[in-house]
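# Inside the fold
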Amino acid sequence: MPSTPYQLVTQRGSFRVAVDGDPAAPALVLSNSLGTTLEMWTPQVDALARHWRVIRYDTRGHGGSPVTPGPYSFDALGADVLAVLDALDVQQAAFCGLSMGGHTGLWLGVHAAERLSALVVCNSAAKIGTAQAWQERAAAVRSGGANGMQALADSAPGRWFTEAFVQAQPVVVQQVQAGLARIDPEGYAACCEALASSDLRGELARITTPTLLLAGSADPVTTVADAEAMQAAIASSQLAVVQASHLSNVEAPQAFTTQLMHFLTRVR
């Protein structure tokens, strides 16, 4: 069973983290998507912890991590990861992030390559969506508060999962929706603003870390084409596609974990 999360004091605040596996094993950081917490990685933890020291954390604005006033930036979200590693005395780690977490990974690949042994960018893109759409969502969530988060949660299944999965796994879908509804509106909005302002397309060629780009075949948010564009720009990258929508690690946990472990084992 995954370990119990706790509050880790860092130079950038107290972050909610969970650490599993042998402390002497190579470190692997897992970074959550927008609107989720470290629990999103539960399907992967047991398998990964047999080989790696698995470090999960709630991104700023989410769960038990700091909810500071926005807007946020990926300079800040990336610096948070480095602060977590420093507080755990980890000099270098593999990094796997999904959606917003994947974009954080790209930022680290560009700006902190010396801290990464491998990079896995899942269901993400160098530029996600449009600035206007993210700014509009941030404004709607701030004005709506808890009601705004519930409205997002009500509409999330269509963005995050295929219709077949929604019909087959209603309990899982409802759990993910409930988690989204609990996210702090300001933290969520501030992360939307980080996504609005970040465009790493012109910097991808600077990434030299061995990189896996993992896409969902039915993802309407960050498409296979987005992953292919990143692969073309990152010299040391490879592409894998799983049969799933946006939260591919939840919808296709076995296929996702297999691809992740195969890549990490090869570059370890």
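Structure: see above.
Residues numbered from 1 in each chain as written. Predicted model: local features only at pLDDT ≥ 70, side-chain atom pairs only at ≥ 80, totals over all residues. Heavy atoms only, no water.

### Remarks on the overall build of the chain
Secondary structure summary: the chain contains ten helices and eight strands in total. Judged by the C-alpha coordinates and their principal axes, the chain covers about 45 × 40 × 40 Å. By residue count, 56% of the 268 residues in the chain fall in the buried class. Excluding contacts between residues fewer than 6 apart, the proportion of contacts in the chain whose partners are at least 24 apart in sequence is 77%. Taken as a whole, the chain presents about 10600 Å² of accessible surface, with 52% of it coming from carbon and sulfur. Averaging the locations of the 16 positively and 22 negatively charged side chains of the chain gives two centres separated by 3 Å. (Helix = DSSP H or I, 4+ residues; strand = E, 2+ residues; numbered from the N terminus. Buried < 20%, exposed > 50% of the residue type's maximum accessible area, 1.4 Å probe, protein only. Contact = heavy atoms within 4.5 Å. Areas by Shrake-Rupley, 256 points an atom, 1.4 Å probe, with all protein chains shown as cover. Lys, Arg positive; Asp, Glu negative; His and termini not counted. Charge placed at Lys NZ, Arg CZ, Asp CG, Glu CD.)

### Concerning helix α2 (residues 74-87)
Look at α2: 20 Å from first C-alpha to last across 14 residues, which is about the 20 Å you get at 1.5 Å a residue. Of all 14 residues making up α2, ten are buried, and the element is well covered by its neighbours. Along α2, the residues that are buried comprise F74, A76, L77, G78, D80, V81, L82, A83, V84 and L85. A positive phi of about 60° marks D89, the residue just after α2. (Expected span 1.5 Å × (residues − 1).)

### As for the sheet that holds strand β4 (residues 53-57)
Pairing within the open sheet is mixed, and its eight strands lie in the order β1-β2-β4-β3-β5-β6-β7-β8. Looking at which strands have only one partner, the edges of the open sheet turn out to be β1 (6-10) and β8 (237-242). Direction aside, the axes of adjacent strands within the sheet are offset by 25° on average. In this sheet, strand β5 (residues 93-98) lies alongside strand β3 (residues 27-31) in parallel orientation, the contact comprising five bridges. Each residue of the ladder has a partner; that of L28, found in β5, is A94. Helix α3 (residues 100-111) contacts β3, β4, β5 and β6 (116-122) of the sheet and is inclined by roughly 140° relative to β5. (Pairing = 2+ DSSP bridges. Axes fitted to C-alpha atoms, helices over the stretch in contact; angles between N-to-C directions.)

### Focus on the pairing of β8
As paired strands, strand β7 (residues 211-216) and β8 are joined by six bridges and run parallel to one another. Across the sheet, G216 pairs through a bridge with V242, a residue of β8.

### Some details on the packing of aromatic side chains
Going through the model one piece at a time under the given rule, you end up with two aromatic pairs. Where W41 meets F256, the ring centres are 6.1 Å apart and the plane angle is 45°; that geometry is what we call tilted. Highlighted residues: W41 in the loop between β3 and α1 (42-48) and F256 in helix α10 (residues 253-267), separated in sequence by 215 residues. As far as the burial class goes, W41 and F256 line up, both buried. Positioned above the aromatic ring of W52 is the side chain of R268, whose terminal nitrogen or guanidinium carbon lies 5.1 Å from the ring centre. (Phe/Tyr/Trp six-rings, centres within 6.5 Å; stacked < 30°, edge-to-face > 60°. Lys NZ or Arg CZ within 6 Å of the ring centre and 35° of its normal.)

### Considering the environment of G101
Mapped onto the elements of the fold, G101 is located in helix α3. The exposure class of G101 is buried, given its relative accessible area of 0%. The spatial distance from the C-alpha of G101 to the C-alpha of L77 is 9.2 Å, given a sequence separation of 24 residues. Apart from the residues lying within four places of it in its own chain, the contact partners of G101 are S31, N32, S33 and F95.

### Considerations on the layout of surface pockets
Sizing a probe to match a water molecule and rolling it over the atoms shows the empty space that remains. By volume, the largest pocket amounts to about 410 Å³. Those elements giving two or more residues to the lining of the largest pocket turn out to be α1 and α6 (170-181). For the lining of the largest pocket, the element with the most residues is α6, which contributes five residues. Empty space within the second largest pocket amounts to approximately 260 Å³. L34, W134, R137, R159 and V221 are, among the 15 residues lining the second largest pocket, the residues nearest its centre. Per-element tally for the lining of the second largest pocket: the top contributor is helix α4 (residues 131-160), with five residues. Looking at side-chain class alone, the lining of the second largest pocket contains eight nonpolar, five polar and two charged residues. (1 Å grid on protein atoms, 1.4 Å probe; cavity = no way out; pocket = protein on both sides within 12 Å on 5 of 7 lines; lining within 4 Å. Points joined across faces, edges and corners; volume = space filled by probe spheres on them. Nonpolar A, V, L, I, M, F, W, Y, C, P; charged D, E, K, R; others polar.)

### A word on the pairing of β7
Note on strand geometry: in a regular strand, side chains alternate between the two faces of the sheet. For β7, the tally of buried residues reaches six of six residues, placing the bulk of the element in the interior. Burial of β7 is two-sided: the residues T211, L213 and A215 facing one way and the residues L212, L214 and G216 facing the other way are all buried. Alignment of β6 against β7, held across four bridges, turns out to be parallel. By the bridge assignment, V121 is partnered in β7 with L213. For the handedness criterion, the β-α-β arrangement of β7, helix α8 (residues 224-233) and β8 is classed as right-handed. (Right-handed = clockwise from strand over helix to strand, strands pointing away.)

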